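# Structural overview
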Amino acid sequence: MFIPAIASRPSVSQSLVKELRNDVCPRRIYGAYVLGLPTVPTDSQLRGIYFEYKLTGSCGKSGIPPIEPLQKTGKRYVDFERLDGQAQFIREELFPYYGIEILDTDVVIATEFTHPDTDEIVTVKCRLDVLARVNNKLAVIDIKATGDVANGGWRNPIGLDHTQAYFYMWALYQSKELNSEGVMPEFYYIVADWSPRSDYEVIKVEWNNGSFWEVRHAATEAFDKMKSMEEQGFPARPSYQQCQSCPFQHSCTDKKQFKEVKVIW
Ligand code: SF4
(Lines give C-alpha, C1' and ligand atoms only; values in the text may rest on other atoms or scores of the structure.)
Protein backbone atom coordinates (compact mmCIF):
# COMPACT_ATOMS: atom_id res chain seq x y z
CA MET A 1 0.00 0.00 0.00
CA PHE A 2 1.44 3.39 -0.98
CA ILE A 3 1.33 5.90 1.82
CA PRO A 4 2.02 9.49 0.76
CA ALA A 5 3.65 12.00 3.06
CA ILE A 6 1.50 14.28 5.21
CA ALA A 7 0.36 17.29 3.20
CA SER A 8 -0.41 19.34 6.28
CA ARG A 9 0.52 18.17 9.74
CA PRO A 10 -2.53 16.96 11.70
CA SER A 11 -3.24 18.54 15.05
CA VAL A 12 -2.56 16.54 18.18
CA SER A 13 -5.56 15.26 20.12
CA GLN A 14 -5.75 13.38 23.38
CA SER A 15 -6.89 10.24 21.55
CA LEU A 16 -3.87 10.45 19.21
CA VAL A 17 -1.58 10.80 22.25
CA LYS A 18 -3.19 7.72 23.78
CA GLU A 19 -2.89 5.64 20.59
CA LEU A 20 0.75 6.62 20.09
CA ARG A 21 1.56 5.74 23.70
CA ASN A 22 -0.15 2.38 23.16
CA ASP A 23 2.00 1.68 20.06
CA VAL A 24 -0.99 1.44 17.72
CA CYS A 25 -0.15 0.44 14.13
CA PRO A 26 1.32 3.53 12.33
CA ARG A 27 -0.60 2.80 9.14
CA ARG A 28 -3.87 2.70 11.08
CA ILE A 29 -2.91 6.04 12.68
CA TYR A 30 -2.33 7.44 9.20
CA GLY A 31 -5.85 6.37 8.16
CA ALA A 32 -7.60 7.64 11.25
CA TYR A 33 -5.66 10.83 12.05
CA VAL A 34 -4.16 12.02 8.75
CA LEU A 35 -6.89 10.96 6.34
CA GLY A 36 -9.62 11.25 9.00
CA LEU A 37 -11.19 7.88 8.10
CA PRO A 38 -13.62 6.45 10.69
CA THR A 39 -12.54 3.46 12.76
CA VAL A 40 -15.07 0.76 13.61
CA PRO A 41 -16.23 1.35 17.21
CA THR A 42 -15.87 -1.49 19.69
CA ASP A 43 -18.97 -2.68 21.59
CA SER A 44 -17.85 -0.64 24.56
CA GLN A 45 -17.28 2.52 22.47
CA LEU A 46 -20.71 2.04 20.88
CA ARG A 47 -22.32 2.10 24.31
CA GLY A 48 -20.29 5.18 25.24
CA ILE A 49 -21.39 7.07 22.10
CA TYR A 50 -25.02 6.05 22.68
CA PHE A 51 -24.89 7.16 26.32
CA GLU A 52 -23.41 10.54 25.48
CA TYR A 53 -26.13 11.07 22.89
CA LYS A 54 -28.86 10.12 25.36
CA LEU A 55 -27.44 12.35 28.09
CA THR A 56 -26.52 15.42 26.08
CA GLY A 57 -28.12 15.02 22.64
CA SER A 58 -24.65 15.32 21.08
CA CYS A 59 -23.92 13.25 17.95
CA GLY A 60 -20.13 13.65 18.34
CA LYS A 61 -17.64 13.68 15.48
CA SER A 62 -19.89 11.83 13.02
CA GLY A 63 -22.73 14.37 13.34
CA ILE A 64 -25.20 11.48 12.99
CA PRO A 65 -27.31 10.12 15.87
CA PRO A 66 -25.93 6.69 16.88
CA ILE A 67 -27.92 3.66 15.76
CA GLU A 68 -28.73 1.34 18.64
CA PRO A 69 -27.95 -2.30 17.75
CA LEU A 70 -30.90 -4.67 18.33
CA GLN A 71 -31.09 -8.39 19.00
CA LYS A 72 -31.97 -10.71 16.09
CA THR A 73 -35.53 -10.82 17.45
CA GLY A 74 -35.73 -7.01 17.22
CA LYS A 75 -35.70 -6.67 21.01
CA ARG A 76 -33.45 -4.10 22.72
CA TYR A 77 -30.29 -5.13 24.59
CA VAL A 78 -30.72 -4.61 28.31
CA ASP A 79 -27.42 -2.61 28.48
CA PHE A 80 -28.94 0.10 26.31
CA GLU A 81 -32.16 0.14 28.35
CA ARG A 82 -30.09 0.65 31.50
CA LEU A 83 -28.10 3.45 29.85
CA ASP A 84 -31.41 5.21 29.06
CA GLY A 85 -32.25 5.00 32.78
CA GLN A 86 -28.79 6.24 33.77
CA ALA A 87 -29.05 9.23 31.39
CA GLN A 88 -32.42 10.20 32.83
CA PHE A 89 -31.19 9.81 36.42
CA ILE A 90 -28.06 11.90 35.81
CA ARG A 91 -29.89 14.63 33.91
CA GLU A 92 -32.86 14.92 36.28
CA GLU A 93 -31.25 14.18 39.65
CA LEU A 94 -27.43 14.40 39.60
CA PHE A 95 -27.11 17.55 37.52
CA PRO A 96 -29.34 19.59 39.89
CA TYR A 97 -27.73 18.00 42.97
CA TYR A 98 -24.15 18.92 41.89
CA GLY A 99 -25.21 22.33 40.54
CA ILE A 100 -24.40 21.43 36.91
CA GLU A 101 -25.74 23.73 34.22
CA ILE A 102 -24.94 22.71 30.62
CA LEU A 103 -23.80 25.61 28.42
CA ASP A 104 -22.97 23.68 25.24
CA THR A 105 -22.12 20.20 24.00
CA ASP A 106 -19.55 18.79 21.56
CA VAL A 107 -17.39 21.90 21.62
CA VAL A 108 -14.19 21.86 19.54
CA ILE A 109 -11.34 24.15 20.62
CA ALA A 110 -7.67 24.37 19.71
CA THR A 111 -4.54 25.71 21.34
CA GLU A 112 -0.89 25.93 20.26
CA PHE A 113 2.54 25.29 21.75
CA THR A 114 5.98 26.17 20.48
CA HIS A 115 8.08 23.02 20.30
CA PRO A 116 10.84 23.52 22.91
CA ASP A 117 13.56 21.97 20.67
CA THR A 118 12.62 22.96 17.13
CA ASP A 119 10.41 26.07 17.58
CA GLU A 120 7.74 24.44 15.36
CA ILE A 121 4.11 25.17 16.19
CA VAL A 122 2.26 22.19 17.68
CA THR A 123 -1.52 22.50 17.49
CA VAL A 124 -3.66 20.65 20.00
CA LYS A 125 -7.31 20.12 19.23
CA CYS A 126 -9.85 19.14 21.91
CA ARG A 127 -13.45 18.01 21.54
CA LEU A 128 -15.26 18.69 24.81
CA ASP A 129 -18.31 16.51 25.52
CA VAL A 130 -19.91 19.17 27.72
CA LEU A 131 -19.08 22.77 28.50
CA ALA A 132 -20.81 23.62 31.75
CA ARG A 133 -21.00 25.71 34.86
CA VAL A 134 -20.70 23.73 38.08
CA ASN A 135 -21.86 25.81 41.02
CA ASN A 136 -21.32 28.76 38.70
CA LYS A 137 -17.69 27.86 37.88
CA LEU A 138 -16.65 27.16 34.28
CA ALA A 139 -16.10 23.43 33.77
CA VAL A 140 -15.53 20.67 31.24
CA ILE A 141 -17.46 17.43 31.74
CA ASP A 142 -16.37 14.24 30.04
CA ILE A 143 -19.00 11.53 29.78
CA LYS A 144 -18.01 7.89 30.11
CA ALA A 145 -19.96 4.63 30.10
CA THR A 146 -18.55 1.36 31.42
CA GLY A 147 -19.69 -2.18 32.11
CA ASP A 148 -17.92 -2.23 35.47
CA VAL A 149 -17.36 1.06 37.24
CA ALA A 150 -15.88 -0.76 40.24
CA ASN A 151 -13.01 -2.40 38.36
CA GLY A 152 -12.24 -0.09 35.44
CA GLY A 153 -9.93 2.15 37.47
CA TRP A 154 -12.70 4.64 38.24
CA ARG A 155 -12.75 3.71 41.92
CA ASN A 156 -9.04 4.42 42.17
CA PRO A 157 -8.70 7.36 39.78
CA ILE A 158 -5.23 8.28 41.09
CA GLY A 159 -3.88 5.65 38.69
CA LEU A 160 -5.79 6.98 35.66
CA ASP A 161 -4.18 8.88 32.81
CA HIS A 162 -5.08 12.52 33.42
CA THR A 163 -3.58 13.86 30.20
CA GLN A 164 -7.02 14.24 28.63
CA ALA A 165 -8.27 16.32 31.55
CA TYR A 166 -5.19 18.59 31.49
CA PHE A 167 -5.40 19.02 27.70
CA TYR A 168 -9.01 20.15 27.92
CA MET A 169 -8.47 22.42 30.91
CA TRP A 170 -5.49 24.12 29.30
CA ALA A 171 -7.24 24.59 25.92
CA LEU A 172 -10.30 26.10 27.60
CA TYR A 173 -8.11 28.26 29.85
CA GLN A 174 -6.51 29.68 26.69
CA SER A 175 -9.81 30.22 24.83
CA LYS A 176 -10.65 33.94 24.84
CA GLU A 177 -13.97 33.22 23.18
CA LEU A 178 -15.27 30.72 25.75
CA ASN A 179 -13.38 31.88 28.80
CA SER A 180 -13.40 35.67 28.84
CA GLU A 181 -12.73 35.66 32.61
CA GLY A 182 -9.42 33.81 31.99
CA VAL A 183 -9.96 31.35 34.85
CA MET A 184 -8.63 27.80 34.97
CA PRO A 185 -11.76 25.69 34.41
CA GLU A 186 -12.73 22.67 36.48
CA PHE A 187 -12.78 19.18 34.96
CA TYR A 188 -15.15 16.32 35.83
CA TYR A 189 -15.65 12.78 34.61
CA ILE A 190 -19.20 11.47 34.94
CA VAL A 191 -19.03 7.70 34.62
CA ALA A 192 -22.16 5.54 34.32
CA ASP A 193 -22.30 1.77 34.65
CA TRP A 194 -24.57 -0.24 32.34
CA SER A 195 -24.34 -3.39 34.49
CA PRO A 196 -27.31 -4.40 36.70
CA ARG A 197 -25.76 -2.31 39.51
CA SER A 198 -26.54 0.90 37.56
CA ASP A 199 -23.75 2.55 39.54
CA TYR A 200 -21.95 5.79 38.77
CA GLU A 201 -18.98 7.97 39.77
CA VAL A 202 -18.45 11.73 39.59
CA ILE A 203 -14.70 12.48 39.58
CA LYS A 204 -13.03 15.89 39.66
CA VAL A 205 -9.48 16.25 38.30
CA GLU A 206 -7.47 19.08 39.84
CA TRP A 207 -4.95 21.16 37.87
CA ASN A 208 -1.56 21.10 39.60
CA ASN A 209 1.97 22.50 39.20
CA GLY A 210 3.02 19.73 36.82
CA SER A 211 -0.09 19.77 34.61
CA PHE A 212 1.15 22.32 32.07
CA TRP A 213 4.42 20.41 31.59
CA GLU A 214 2.50 17.17 31.17
CA VAL A 215 0.31 18.77 28.45
CA ARG A 216 3.26 20.28 26.59
CA HIS A 217 5.32 17.10 26.88
CA ALA A 218 2.43 14.91 25.65
CA ALA A 219 1.73 17.23 22.70
CA THR A 220 5.33 17.57 21.53
CA GLU A 221 6.02 13.85 22.08
CA ALA A 222 3.03 13.00 19.83
CA PHE A 223 4.17 15.57 17.25
CA ASP A 224 7.68 14.05 17.16
CA LYS A 225 6.33 10.50 16.87
CA MET A 226 4.10 11.50 13.94
CA LYS A 227 7.11 13.05 12.19
CA SER A 228 9.19 9.96 12.75
CA MET A 229 6.40 7.66 11.48
CA GLU A 230 6.00 9.87 8.41
CA GLU A 231 9.72 9.51 7.67
CA GLN A 232 9.30 5.74 7.86
CA GLY A 233 6.24 5.81 5.55
CA PHE A 234 3.72 4.85 8.25
CA PRO A 235 4.62 1.12 8.27
CA ALA A 236 2.03 -1.51 9.18
CA ARG A 237 2.33 -3.08 12.62
CA PRO A 238 -0.52 -5.57 12.67
CA SER A 239 -2.23 -6.75 15.82
CA TYR A 240 -5.44 -8.75 15.74
CA GLN A 241 -7.49 -6.42 17.92
CA GLN A 242 -6.45 -3.22 16.15
CA CYS A 243 -6.94 -4.74 12.70
CA GLN A 244 -10.60 -5.58 13.49
CA SER A 245 -11.53 -1.92 13.89
CA CYS A 246 -9.04 -0.38 11.42
CA PRO A 247 -10.24 1.88 8.59
CA PHE A 248 -7.99 -0.15 6.22
CA GLN A 249 -9.23 -3.56 7.35
CA HIS A 250 -10.72 -4.39 3.91
CA SER A 251 -7.71 -3.34 1.86
CA CYS A 252 -4.65 -3.91 4.04
CA THR A 253 -2.61 -6.95 2.99
CA ASP A 254 -0.86 -7.00 6.38
CA LYS A 255 -4.09 -7.41 8.34
CA LYS A 256 -3.86 -10.04 11.07
CA GLN A 257 -6.61 -12.60 10.56
CA PHE A 258 -6.13 -14.63 13.73
CA LYS A 259 -5.51 -13.84 17.35
CA GLU A 260 -1.99 -13.78 18.76
CA VAL A 261 -1.02 -16.56 21.19
CA LYS A 262 -1.44 -15.33 24.76
CA VAL A 263 1.68 -15.96 26.84
CA ILE A 264 1.24 -16.50 30.57
CA TRP A 265 3.66 -17.21 33.41
S1 SF4 B 1 -5.39 -3.69 9.05
FE2 SF4 B 1 -3.98 -4.00 10.75
S3 SF4 B 1 -1.93 -3.93 9.86
FE4 SF4 B 1 -3.33 -3.06 8.38
S5 SF4 B 1 -3.26 -0.88 8.74
FE6 SF4 B 1 -4.94 -1.68 9.94
S7 SF4 B 1 -4.12 -2.14 11.96
FE8 SF4 B 1 -2.40 -1.89 10.55
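Check the entry above for the structure.
Attention in this report is confined to the structure presented alongside it.

Cut-offs used in this document
Residues numbered from 1 in each chain as written. Predicted model: local features only at pLDDT ≥ 70, side-chain atom pairs only at ≥ 80, totals over all residues. Heavy atoms only, no water. Buried < 20%, exposed > 50% of the residue type's maximum accessible area, 1.4 Å probe, protein only. Helix = DSSP H or I, 4+ residues; strand = E, 2+ residues; numbered from the N terminus. Pairing = 2+ DSSP bridges. Axes fitted to C-alpha atoms, helices over the stretch in contact; angles between N-to-C directions. Contact = heavy atoms within 4.5 Å. Parallel < 35°, antiparallel > 145°, perpendicular 65-115°, else oblique. Left-handed = near helix turned anticlockwise from the far one by under 90°. Nonpolar A, V, L, I, M, F, W, Y, C, P; charged D, E, K, R; others polar.

For the rest of this paragraph, the subject is the pairing of strand 2 (residues 121–134). The buried count for strand 2 comes to 10 of 14 residues, which makes it a mostly enclosed element. Across 13 bridges, strand 1 (residues 100–114) lies against strand 2 in antiparallel orientation. What sits directly across from E112, in strand 2, is T123. Taken together, strand 1 and the strand that follows it, strand 2, pair antiparallel across an intervening segment of 6 residues, in which D119 is found at a positive phi of about 65 degrees. Two strands pair when backbone bridges link them, and strand 2 and strand 3 (residues 137–146) are joined in this way by 5 bridges, in the antiparallel orientation. Its bridge partner lying in strand 3, R133 is registered against L138.

Once that is clear, we can look at the sheet that holds strand 3. Ordered by their spatial adjacency, 5 strands build an open sheet running 1-2-3-4-5, and the pairing between neighbours is mixed. Edge strands, defined here as strands with exactly one partner in the open sheet, are strand 1 and strand 5 (200–205). Pairs of neighbouring strands in the sheet enclose a mean axial angle of 35 degrees, with direction left out of account. Pairing of strand 3 with strand 4 (residues 186–193), which is carried by 8 bridges, proceeds in the parallel orientation. Note on strand 4: the bridge partner recorded for T146 is D193. Sitting on the sheet, helix 6 (residues 211–231) touches strand 1 and strand 2, and the angle it makes with strand 2 is about 135 degrees.

Quick look at the packing of helix 1 (residues 14–21) against helix 5 (residues 163–174) now. In the contact formed by helix 1 and helix 5, the axes pass within 9 Å of each other and the chain directions differ by 150 degrees. On the basis of their axis angle, the class for helix 1 and helix 5 is roughly antiparallel. Between helix 1 and helix 5 lies a crossing of right-handed hand. Every residue of helix 5 that contacts helix 1 at Q14, V17 and R21 is listed here: T163, Q164, F167 and Y168. Taken together, the residues that form the contact of helix 1 with helix 5 break down as 3 nonpolar, 3 polar and 1 charged.

All right, on to the environment of A110 then. Its place among the elements puts A110 in strand 1. Residue classification places A110 among the partly exposed positions, given a relative accessible area of 49%. With 26 residues separating them in the primary sequence, A110 and D84 have C-alpha atoms 32 Å apart. Ignoring sequence-local partners within four residues, the contact set of A110 consists of T123, V124 and K125.

Keep in mind that these numbers describe shape and distance, not what the molecule does.
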